[in-house]
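Survey of secondary and tertiary structure
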Amino acid sequence: MTSAAPARRRRSRGVLEWPLVGALLRWRHSRLLLQVPLFLVALVLVLHGLFGPRLAPMNLATVMVWVHYRGALVLVLLVAGNLFCMGCPMLALRDLARRFVHPRFDWPQALRNKWLSIGMLVGVLFGYELFDWWGDPRATAWLIVAYFGAILAVDLVFKHASFCKFVCPIGQFNFAASTISPLEIRAADARVCETCTTKDCIKGSELSRGCELALFVPEKRGNMDCTFCLDCVHACPHENVALARHEPADDLGLDPHRSGLGRFSKRPDLAALVTVFCFGALLNAFGMVSPVYAVQRWMAGVMHVESEWPVLTALFGVALVVEPLVLLGLACWATRAATGSHESLLTLGVRHAYCLAPLGFGIWIAHYSFHFLTGLLTFVPVLQKALCDLGAPILGQPIWRLGGLPKSAALPIELGLLSLGVIASCVVAWRIAERSASRRTLAAFLPWAALVLLLAGAAVWLFEQPMEMRGTFLQ
Amino acid sequence: MRVPRKRSPSRGVLLRAAPLALLLAVACAPSADASAKVQCSLQLSPSPAHVGPALAELTLSEDGRPLEQASLTVQGNMNHAGMVPSQARVTELGAGHYKAEFEFTMGGDWILIVDGKLADGRSFERTLPMPGVASK
Ligand code: SF4
Ligand code: SF4
């Protein structure tokens, strides 16, 4: 049974009230409109990856995954929100499989945090460099297959969206990135929720399941952990869930209790996720510029090794563990010294680390948008060739000269996007400093602003380096 | 020590039939690539290769005999996705030598794809790796 909707004028439901788009999103099966096409695309990529040309620039799997999917993902996160989780085709397959297999277990308490998924995210970044997935259509196809297999393996055993919340590396990337997105799911009118007796948005109803990510709409803040699945939209009997404007990065500077997450300042795992998100962006960009080979050769010499994995392991250790510990540790130490705080370095670090999320996103989007914009049309000749190879040249012969923006035009865009990230990071750092040391805000802000500028400077240096992509690092 | 096993009659039949099966398999297999013996070698300048204009001298031969008057399409590709291939301008130099002028647009591993049609009408494709092109 549901409680009656209070008779008062409600706040707007945002995009859900837009003509056409709103009606589509409010439709119970709207998610399938994205999932089914993306599933078919994934199927084509796997088939072409496995059976098409072995050369990466001529295979849809490598072109679409490493150029277009990644670029579109970050651009959509910037202009809308987490639509790629909304349209995740793996969830469609999981939901289908769950009609036959019902998961029986709850996700283990000890793993109800982000540590495992941080490991997965680092693992994907590591595999990308070690196995040169960017240049291997077969491996890319198997990666897609493995991803489908992993979600089935987890979510057919464990209830709710265990894979999305606790395992999926793409999901964690999207959660961290969507903190800067302009849209969020929230209650249209908080007063309606106060009088609501059923709480169907979290518990579920006959209309729809409740939030599988354990986010209770009236207490939800920001986009962290929200997959934009719209289950709450369909479940709420009062039509009180909105897909509405979210001030990008705004809530990163605040520390309210958040449903399904608690307080950011009490979540070292979330702070670590944001830190890896930011430093991983730099590392991923470093992996495609010329100096990385000199560094790897030097490391191989020092370590007396010839294979790549020990060198990469050391490089990842330095970039994702040592460097963040040293730099954040210094920022924490400076904050403590400047403000006279007696809090531990860990407490300060976990509180302030969230200011790195916009910068991290700025680096990712600058990097991925470069590939996306300069290679925008490269999928066209590849598709033309695939159809020719199939004996159905309906799009004509491949036009190999199709590319995208010239590199010179992409660089200002890269720097512009990075600047937005820097500004947003500084604003978040200021907000946190205000909260943390209201009388010595400037003193608490400066170490983190310096860290943001230092990392941004490193990103600018990286973007100005000549690009170089090799599969064999010791050449 | 391995104990010798007694050979079963059916196994003997199988062994005797094997050469025949092999013969049939070879006879029924699709004919070998008509251009399998075409050799395509590459001399690249500048060497070591770096970003900028490049010149590939291709030598075509078959059984030591130079292949002249072939029509060649040469395309430079990177080993990763998202780059526009570099189309080469090909000129025949004579005596089985061809000159392909193109540009390395980025540092990294490159691959030259040679698509050719010989004077006698046979087609062939060769993929020539050009790893480690320096970015400057
Ligand atoms: S959003 Fe949740 S709590 Fe609020 S009215 Fe809807 S079901 Fe009730
Ligand atoms: S709050 Fe939960 S149910 Fe609603 S869109 Fe986000 S993840 Fe889905």
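Residues numbered from 1 in each chain as written. Chains lettered and ligands numbered in written order. Predicted model: local features only at pLDDT ≥ 70, side-chain atom pairs only at ≥ 80, totals over all residues. Heavy atoms only, no water.

Comments concerning the overall build of chain B
From N to C terminus, chain B includes one helix and nine strands. By residue count, 38% of the 136 residues in chain B fall in the buried class. Put simply, of all contacts in chain B between residues at least 6 apart along the chain, 57% involve residues at least 24 apart. When the accessible area of chain B is evaluated, it comes to approximately 8300 Å², of which 58% is carbon and sulfur surface. (Helix = DSSP H or I, 4+ residues; strand = E, 2+ residues; numbered from the N terminus. Buried < 20%, exposed > 50% of the residue type's maximum accessible area, 1.4 Å probe, protein only. Contact = heavy atoms within 4.5 Å. Areas by Shrake-Rupley, 256 points an atom, 1.4 Å probe, with all protein chains shown as cover.)

Some thoughts on the environment of Gly-49 of chain A
All names here are of chain A. With respect to the secondary-structure elements, Gly-49 resides in helix H2 (residues 30-51). C-alpha of Gly-49 to C-alpha of Ile-144: the two residues are 95 residues apart in sequence and 9.8 Å apart in space. Contacts of Gly-49, omitting those with residues within four sequence positions, involve Asn-59, Ala-61, Pro-137, Arg-138 and Ala-141.

A closer look at the site of ligand 2
Taken together, Ile-185, Cys-211, Leu-213, Lys-220, Cys-226, Thr-227, Phe-228, Cys-229, Leu-230, Asp-231 and Cys-232 of chain A make up the full set of residues adjacent to ligand 2. Partitioned by chemical class, the residues of the shell around ligand 2 number eight nonpolar, one polar and two charged. (Near = heavy atom within 4 Å. Nonpolar A, V, L, I, M, F, W, Y, C, P; charged D, E, K, R; others polar.)

So, the site of ligand 1
Contacts to ligand 1 come from 13 residues, most closely from Cys-193, Cys-196, Asp-200, Cys-201 and Cys-236 of chain A. Split by residue class, the shell around ligand 1 holds nine nonpolar, two polar and two charged.

Quick notes on the side chain of His-68 of chain A
Residue and element names in this part refer to chain A. Mapped onto the fold, His-68 is located in helix H3 (residues 60-79). Judged by relative accessible area, His-68 falls into the buried class, the value being 7%. In terms of polar contacts, His-68 uses its side chain to reach the backbone carbonyl oxygen of Gly-375, at 3.3 Å. The residues touching His-68, leaving out its near neighbours within four places in the chain, are Val-63, Phe-372, Gly-375, Leu-376, Thr-378 and Phe-379. (Polar contact = N/O pair within 3.5 Å; in protein donor to acceptor, adjacent residues only side chain to side chain.)

Looking at the environment of Met-64 of chain A
With respect to the helices, strands and loops of the structure, Met-64 of chain A is situated in helix H3. In contact with Met-64 of chain A, not counting residues within four places along its chain, are Leu-45, Tyr-69 and Phe-379 of chain A.

Some details on the interface of chain B and chain A
On the chain A side, the residues contacting the 24 residues of chain B number 26 residues. Counting each side, the surface lost to burial between chain B and chain A is near 1800 Å², with a carbon and sulfur contribution of 63%. Where chain B touches chain A, the interface holds zero salt bridges. Our enumeration of links across chain B and chain A arrives at three residue pairs in polar contact (both at pLDDT 80 or more). (Buried area = accessible area lost by both parts, 1.4 Å probe. Salt bridge = Lys/Arg side-chain N within 4 Å of Asp/Glu carboxyl O.)

A few points about the pairing of strand S1 (residues 183-187) of chain A
Residue and element names in this part refer to chain A. Extensive coverage of S1 is indicated by the burial of five of its five residues. Of the pairings in the sheet, the one linking S1 to strand S2 (residues 241-245) comprises five bridges and is antiparallel in character. Along S2, the bridge assignment pairs Arg-186 with Ala-242. (Pairing = 2+ DSSP bridges.)

Overview of the pattern of salt bridges
Counting across every chain of the model gives 23 salt bridges over all chains. For Arg-209 of chain A, the salt bridge is made with Glu-212 of chain A, and the minimal N-O distance between the two is 3.8 Å. With a relative accessible area of 30%, Arg-209 of chain A lands in the partly exposed category. Residue Glu-62 of chain B pairs with Arg-122 of chain B through a salt bridge whose shortest N-O separation is 2.8 Å. Taken together, the residues span a long stretch of sequence, with Glu-62 of chain B in strand S2 (residues 52-62) and Arg-122 of chain B in the loop between strand S8 (107-117) and strand S9 (123-133) at a distance of 60 residues. One network of salt bridges, in which partners are shared, links Arg-94, Asp-95, Arg-98, Asp-155, Arg-209, Glu-212 and Asp-231 of chain A.

Observations regarding the packing of aromatic side chains
Residue and element names in this part refer to chain A. All chains considered together, the criterion is met by 16 aromatic pairs over all chains. Ring centres of Tyr-69 and Phe-84 lie 5.4 Å apart, and the angle between their planes is 85 degrees; this geometry places the pair in the edge-to-face category. Separated by 15 residues along the polypeptide, Tyr-69 in helix H3 and Phe-84 in helix H4 (residues 83-86) bring together distant segments of the chain. Here Tyr-69 falls in the partly exposed class, since its relative accessible area comes to 30%. On the basis of an interplanar angle of 20 degrees and a centroid distance of 4.7 Å, the ring pair of Phe-264 and Tyr-354 is categorised as stacked. (Phe/Tyr/Trp six-rings, centres within 6.5 Å; stacked < 30°, edge-to-face > 60°.)

Things to note about the nonpolar core
A general tendency of soluble globular proteins is for nonpolar side chains to be buried together. With 95 residues, the main nonpolar core has Ile-185 of chain A together with Leu-58, Leu-60, Leu-72, Phe-102 and Phe-104 of chain B as its most contacted residues. Sort the elements by how many residues they give to this core and helix H7 (residues 137-155) of chain A lands first, with seven residues. Viewed by domain, this core spans two of them, domain 1 (10-248) and domain 2 (266-463) of chain A, each represented by three or more residues. The residues contacting Leu-58 of chain B, other than those within four sequence positions of it, are Cys-40, Ser-41, Leu-42, Leu-72, Val-74, Gly-96, His-97, Tyr-98, Ala-100, Leu-112, Val-114 and Leu-128 of chain B. One finds Phe-286, Leu-327, Ala-437 and Phe-445 of chain A within the second-largest nonpolar core, a separate group that totals 85 residues. (Core = buried A, V, L, I, M, F, W, Y, C linked by side-chain atoms within 4.5 Å. Domains from an automatic or database assignment.)

Overview of the domain arrangement of chain A
All names here are of chain A. One can read the domain layout of chain A as domain 1 (10-248) and domain 2 (266-463). The C-alpha centroid of domain 2 is placed 22 Å from the C-alpha centroid of domain 1. Counting residues at the interface gives 34 residues for domain 1 and 36 residues for domain 2. A combined buried area of about 3300 Å² lies between domain 1 and domain 2, and 83% of that area is made up of carbon and sulfur atoms. Contact with domain 2 buries area across many residues of domain 1, yet Leu-125, Phe-126 and Glu-129 alone supply 16% of it, more than any other trio. The tally of links between domain 1 and domain 2 comes to zero salt bridges. Where domain 1 packs against domain 2, one counts four residue pairs in polar contact (both at pLDDT 80 or more). Contributions of two or more residues to the side of domain 1 that touches domain 2 are made by H3, helix H6 (115-130) and helix H9 (169-177). Per-element tally for the side of domain 1 that touches domain 2: the top contributor is H3, with twelve residues. The residue inventory of the side of domain 1 that touches domain 2, partitioned by class, reads 24 nonpolar, seven polar and three charged.

Some points on the packing of helix H13 (residues 268-286) of chain A against helix H17 (residues 356-374) of chain A
All names here are of chain A. Where H13 contacts H17, the axes come no closer than 8 Å and their chain directions differ by 30 degrees. When the interaxial angle is binned, H13 and H17 end up roughly parallel. By crossing handedness, the relation of H13 to H17 is classed as left-handed. Residues Val-274, Phe-277, Cys-278, Phe-279, Gly-280, Ala-281, Leu-282, Asn-284 and Ala-285 of H13 form the contact with H17, whose participating residues are Leu-356, Ala-357, Leu-359, Gly-360, Phe-361, Ile-363, Trp-364, His-367 and Tyr-368. Considering only residue class, the contact of H13 with H17 consists of 14 nonpolar, four polar and no charged. (Axes fitted to C-alpha atoms, helices over the stretch in contact; angles between N-to-C directions. Parallel < 35°, antiparallel > 145°, perpendicular 65-115°, else oblique. Left-handed = near helix turned anticlockwise from the far one by under 90°.)

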